[in-house]
Amino acid sequence: KSIQIWNPNTNNVVRGGEEKKARLYHSNLLVLPDATLVSSGGGAPGPEKNHNGQLYFPDYMSADTTRPIINDCPRNVESGNRFTMKVDDVSQIVQVTATKSGASSHSRNCDTRWIDLDFEIINDTTLRVKAEGNTIMIGGLWM
């Protein structure tokens, strides 16, 4: 019942927090726009019928973690284009990523993606970010 977190840089898997309910067959896990995770369903048919869900707050969301505040960013960006993002302070930003919302079926999420985006710092509060082309950032909802 614990979350497993894979680090692609080290290829290690560590255990995260425990879930309140077992998420078995027909379960779902999606990343929300604020970076929390919603874990829901599971077990029907089976030993448990979990017609419920719970939120999971990864360690990167702890009170000790300072995250940049996005003040302005386009709502829609075409694949392959550059766009400008205004934040409160660029000094601690070392990575810009995009994640695609998933589409799951039978406990397999076949559509969630997480990619690093190239970016450059323009000034103390502005980044210029390049979206990947449409063979990488395929159609759908990205955050």
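Everything discussed here concerns the structure shown above.
This structure is a prediction, so every number in the text was calculated from the model and none was measured.

Asks: Quick question: what am I supposed to make of the sheet that holds strand S3 (residues 27-31) here?
Replies: The strands that make up a sheet are held in pairs by hydrogen bonds between backbone atoms, and each pair lies either parallel or antiparallel. On the basis of which strands lie adjacent, the open sheet formed by three strands has the order S3-S4-S5 and antiparallel pairing. Edge positions in the open sheet fall to S3 and strand S5 (53-56), since each of these has one partner strand only. Neighbour to neighbour, the strand axes of the sheet diverge by 20° on average, direction disregarded. Looking at chain direction, strand S4 (residues 37-41) and S5 are connected through four bridges and run antiparallel. Within the sheet, the bridge partner assigned to Val38 lies in S5 and is Leu55.

Asks: Even after reading the chapter, I still don't get the environment of Leu127, so can you show me in this structure?
Replies: Position of Leu127 among the secondary structure elements: in strand S12 (residues 126-130). With relative accessibility at 0%, the residue Leu127 sits in the buried group. Residues Leu127 and Gly140, 13 residues apart in the sequence, show an inter-C-alpha distance of 23 Å. Sequence-distant contacts of Leu127, that is, excluding residues within four places in its chain, are made with Phe83, Thr84, Met85, Val90, Ile93, Val96, Phe119, Glu120, Ile121 and Ile122.

Cut-off values and rules
- Residues numbered from 1 in each chain as written.
- Predicted model: local features only at pLDDT ≥ 70, side-chain atom pairs only at ≥ 80, totals over all residues.
- Heavy atoms only, no water.
- Pairing = 2+ DSSP bridges.
- Helix = DSSP H or I, 4+ residues; strand = E, 2+ residues; numbered from the N terminus.
- Axes fitted to C-alpha atoms, helices over the stretch in contact; angles between N-to-C directions.
- Buried < 20%, exposed > 50% of the residue type's maximum accessible area, 1.4 Å probe, protein only.
- Contact = heavy atoms within 4.5 Å.

Note that every value here comes from positions in space, so none of it alone points to a role or purpose.
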